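In case you want the letters, here they are:
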Amino acid sequence: MLAELSVSLWRGAKDGRYETYCVPRRESQTVLDVVTFVQRHIDPTLSYRFACRVGVCGSCAMTVNGKPRWTCRTHVAKVAGSGRLEIGPLENLPVIKDLTTDMQPFFEKWQQAQGVFAPTKTRHEEIEQIRPDNPARRLADAAIECINCGVCYAACDTVRWNQDYFGPAALTRAWTLVNDERDAGGSARLQAVAGSGGCHSCHSHQSCQELCPQALNPTAAIAGLKRRTTAAYLKGEIKA
Amino acid sequence: MIARGKMHRGSALWIAAMVHRLSGLALAIFLPLHFLALALAIKGEAKLESFLRWTDQPLVKFAEGALVFLLTIHLLGGLRVLAIENLDWRDGQKQLATIAAAISAIIAFIFLARVF
Amino acid sequence: MTMRLYVWQRATAALMVPLVLVHIAVIFYATQKGMTAADILSRTHGSIMWASYYGLFVAAASIHAAIGVRNVLTEWSPLTGLRAGRLALMFGLLLAALGARAVLAVVL
């Protein structure tokens with residue numbers, strides 16, 4: 001193992017540049033450890049995000065050697081074979097400073113895709129009995145563990161090419177709600193995901209599915225939305 | 001810049017989608033030319049015949065082989081999309097994509113073997 | 001893409017699967033036998049079957065290619081949805097016109 005690592009970090013906003021730092025190598029070092037070392041011991045003006053540092057919150061997602069991933073779960077040994085590392089902010093999102101991006105567009109698209117639960121009951125009514133092995137519940141459960149880390153959004157080329165596209169995460173959440181018996185979103189939500197920026201823009205590149213740290217499958221969820229919206233359209237429940 | 005986005009942009013399924021798009025564009029450009037060539041028949045059989053004999057050249061035959069490849073791979077790529085969108089999710093898609101490319105190459109090769 | 005464009009694109013794609021397979025088979029047959037223009041035209045002249053088959057193929061391909069081109073334009077060029085749509089429509093009409101002319105040329 002080399003004693004030192006040469007790390008390029010993105011500094012500045014959109015019109016920034018990569019700057020190189022020398023960081024001591026340690027065993028079991030993660031990329032987050034490297035970024036933290038730079039901020040604590042070399043340049044305190046470096047901006048970056050993290051929270052749990054153990055791979056459950058999704059806050060530390062960055063672009064590592066061209067690939068969006070959770071830095072706390074990325075071992076340096078796995079990605080810096082030649083002793084060099086390049087770390088930048090997540091792509092497809094506005095850069096605030098250095099390694100932090102503005103997640104607002106990501107969440108706004110979540111709202112536009114109607115990834116919001118629409119309740120049908122009040123506390124005064126009986127609780128809905130949903131069996132976990134109910135087919136619709138199975139579909140929802142397979143897609144529900146999204147923690148909005150933004151890796152899929154950063155990886156998606158269709159997001160890159162099409163400003164309006166909602167992206168894998170927002171559409172996957174819409175899919176879970178389409179399969180939720182308690183939800184009243186109905187054809188309004190299907191209409192929302194069938195319009196410009198909706199599910200039909202997906203070309204099934206599957207970068208999202210390959211890179212999701214929660215092992216979710218947005219490509220399959222979006223395919224499900226394509227089927228539901230097509231059926232609704234042919235039945236006249238939603239418009240073109 | 002080092003090791004730029006190789007992992008997800010170089011993956012078999014991403015390449016499959018890109019090949020599908022590029023082959024579609026190539027076929028879209030080819031199609032008007034194809035129609036113009038066929039319409040030579042309006043001027044009489046002799047015109048079409050001289051065009052067909054022009055296509056006997058080896059270089060043109062290679063180009064035709066490439067077209068067969070593009071058409072086949074675009075068809076198979078389209079089947080990939082139709083399968084993902086209408087059938088249940090299946091694993092092993094990367095292997096299928098590679099097999100599709102191989103089949104297209106084989107069919108194009110058979111075409112060339114038969115015309116030479 | 002709107003619902004209407006999506007459905008037409010997928011439907012013409014599905015329709016063209018058997019049409020393309022037949023076309024590849026026809027091309028293999030025609031090129032191997034070294035067919036001349038006379039051979040080809042004697043088979044296509046006055047043929048309702050070839051007119052219908054290739055007429056359908058031209059219609060489906062024009063629609064499918066136009067929608068595909070529209071998608072590529074909106075994603076890879078600075079054109080917006082409306083302008084890309086118009087350009088794609090013109091391309092589709094061009095294909096349909098040239099294609100119809102070609103079919104008529106070999107059938108009449």
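Since we're looking at a predicted model, the values are computed, not measured.

A. Spotlight on the interface of chain A and chain B. With 28 residues of chain A at the interface, the matching set in chain B holds 22 residues. Roughly 2100 Å² of surface becomes buried between chain A and chain B when both sides are summed, with 50% attributable to carbon and sulfur atoms. At the junction of chain A and chain B, the tally comes to two salt bridges. Between A:Lys226 and B:Glu85 there is a salt bridge, with its nearest N and O atoms 2.6 Å apart. Counting across the interface, chain A meets chain B through eight residue pairs in polar contact (both at pLDDT 80 or more). Examining the composition of the side of chain A that touches chain B, we find that five residues originate from one element, helix H10 (residues 218–234) of chain A, more than from any other.

B. Fine view of helix H2 (residues 37–44) of chain C. Residues and elements named next belong to chain C. Within H2 the residues assigned to the buried category are Ala37, Leu41 and Thr44. Seen along its axis, H2 keeps its buried residues to an arc of 65°; they face one direction. One or two steps after H2, the chain reaches glycine 46, where phi turns positive at roughly 70°.

C. Geometry of the sheet that holds strand E5 (residues 84–88) of chain A. All names here are of chain A. A sheet is described by the order of its strands in space; here five strands give the open sequence E2-E1-E5-E3-E4, paired in mixed fashion. At either end of the open sheet lies a strand with only one pairing partner, and these are strand E2 (17–24) and strand E4 (67–70). The mean angle between the axes of side-by-side strands here comes to 35°, regardless of whether they run parallel or antiparallel. Bridging between strand E3 (residues 61–64) and E4 involves four bridges; their strand directions are antiparallel. Following the sheet pairing, threonine 63 is matched in E4 by proline 68.

D. Quick look at the pairing of E3(A). Residue and element names in this part refer to chain A. Burial along E3 is two-sided: the face carrying Ala61 and Thr63 and the face carrying Met62 and Val64 are both buried. Hairpin geometry of E3 and E4 is characterised by an intervening segment of two residues between the two adjacent antiparallel strands and by a positive phi of about 50° at asparagine 65. Relative to E5, E3 is paired through two bridges, and the arrangement is antiparallel. Pairing of threonine 63 across the sheet is with glycine 88, part of E5.

E. How the structure looks around the domain arrangement of chain A. Residue and element names in this part refer to chain A. For chain A, the assigned domains are domain 1 (4–101) and domain 2 (104–234). A C-alpha centroid distance of 30 Å is found between domain 1 and domain 2. Taken residue by residue, the interface counts 13 residues in domain 1 and 15 residues in domain 2. Overall, the association of domain 1 and domain 2 removes approximately 1100 Å² of surface from exposure, summing both partners, and the carbon and sulfur fraction of that is 71%. It is Pro68, Trp70 and Asn92 that lose the most area in domain 1 upon contact with domain 2, and together they represent 52% of the buried surface on that side. Our enumeration of links across domain 1 and domain 2 arrives at zero salt bridges. The interface formed by domain 1 and domain 2 holds three residue pairs in polar contact (both at pLDDT 80 or more) in total. For the side of domain 1 that touches domain 2, the element with the most residues is E4, which contributes four residues.

F. Inspection of the pattern of salt bridges at higher detail. Summed over all chains, the structure comprises 18 salt bridges over all chains. Its salt-bridge partner being A:Glu128, residue A:Lys121 comes within 3.4 Å of it at the nearest N-O pair. Taking the shortest distance from any N to any O, the salt bridge between B:Arg53 and B:Glu49 comes out at 2.6 Å. With B:Arg53 and B:Glu49 both in helix H3 (residues 45–54) and four residues apart, the pair spans about one turn of that helix.

G. How the structure looks around the interface of chain B and chain C. Contact with chain B, which involves 33 residues of that partner, is made by 35 residues of chain C. Of the roughly 2800 Å² buried between chain B and chain C on both sides combined, carbon and sulfur atoms contribute 77%. Three residues stand out in chain B for area buried against chain C, namely B:Arg21, B:Phe35 and B:Arg114, and they jointly supply 22% of the buried area on that side. The interface formed by chain B and chain C includes two salt bridges. Notably, a salt bridge pairs B:Glu85 with C:Arg10, separated by 2.6 Å at the nearest N-O pair. On inspection of chain B and its partner chain C, the count reaches five residue pairs in polar contact (both at pLDDT 80 or more). Elements with a contribution of two residues or more to the side of chain B that touches chain C: helix H2 (12–38), H3, helix H4 (58–86) and helix H5 (93–115) of chain B. It is H2(B) that contributes the most residues to the side of chain B that touches chain C, eleven residues altogether. When its residues are assigned to classes, the side of chain B that touches chain C shows 24 nonpolar, three polar and six charged.

Rules used in this analysis
- Residues numbered from 1 in each chain as written.
- Chains lettered and ligands numbered in written order.
- Predicted model: local features only at pLDDT ≥ 70, side-chain atom pairs only at ≥ 80, totals over all residues.
- Heavy atoms only, no water.
- Contact = heavy atoms within 4.5 Å.
- Buried area = accessible area lost by both parts, 1.4 Å probe.
- Salt bridge = Lys/Arg side-chain N within 4 Å of Asp/Glu carboxyl O.
- Polar contact = N/O pair within 3.5 Å; in protein donor to acceptor, adjacent residues only side chain to side chain.
- Helix = DSSP H or I, 4+ residues; strand = E, 2+ residues; numbered from the N terminus.
- Buried < 20%, exposed > 50% of the residue type's maximum accessible area, 1.4 Å probe, protein only.
- Arc of directions from axis to C-beta.
- Pairing = 2+ DSSP bridges.
- Axes fitted to C-alpha atoms, helices over the stretch in contact; angles between N-to-C directions.
- Domains from an automatic or database assignment.
- Nonpolar A, V, L, I, M, F, W, Y, C, P; charged D, E, K, R; others polar.

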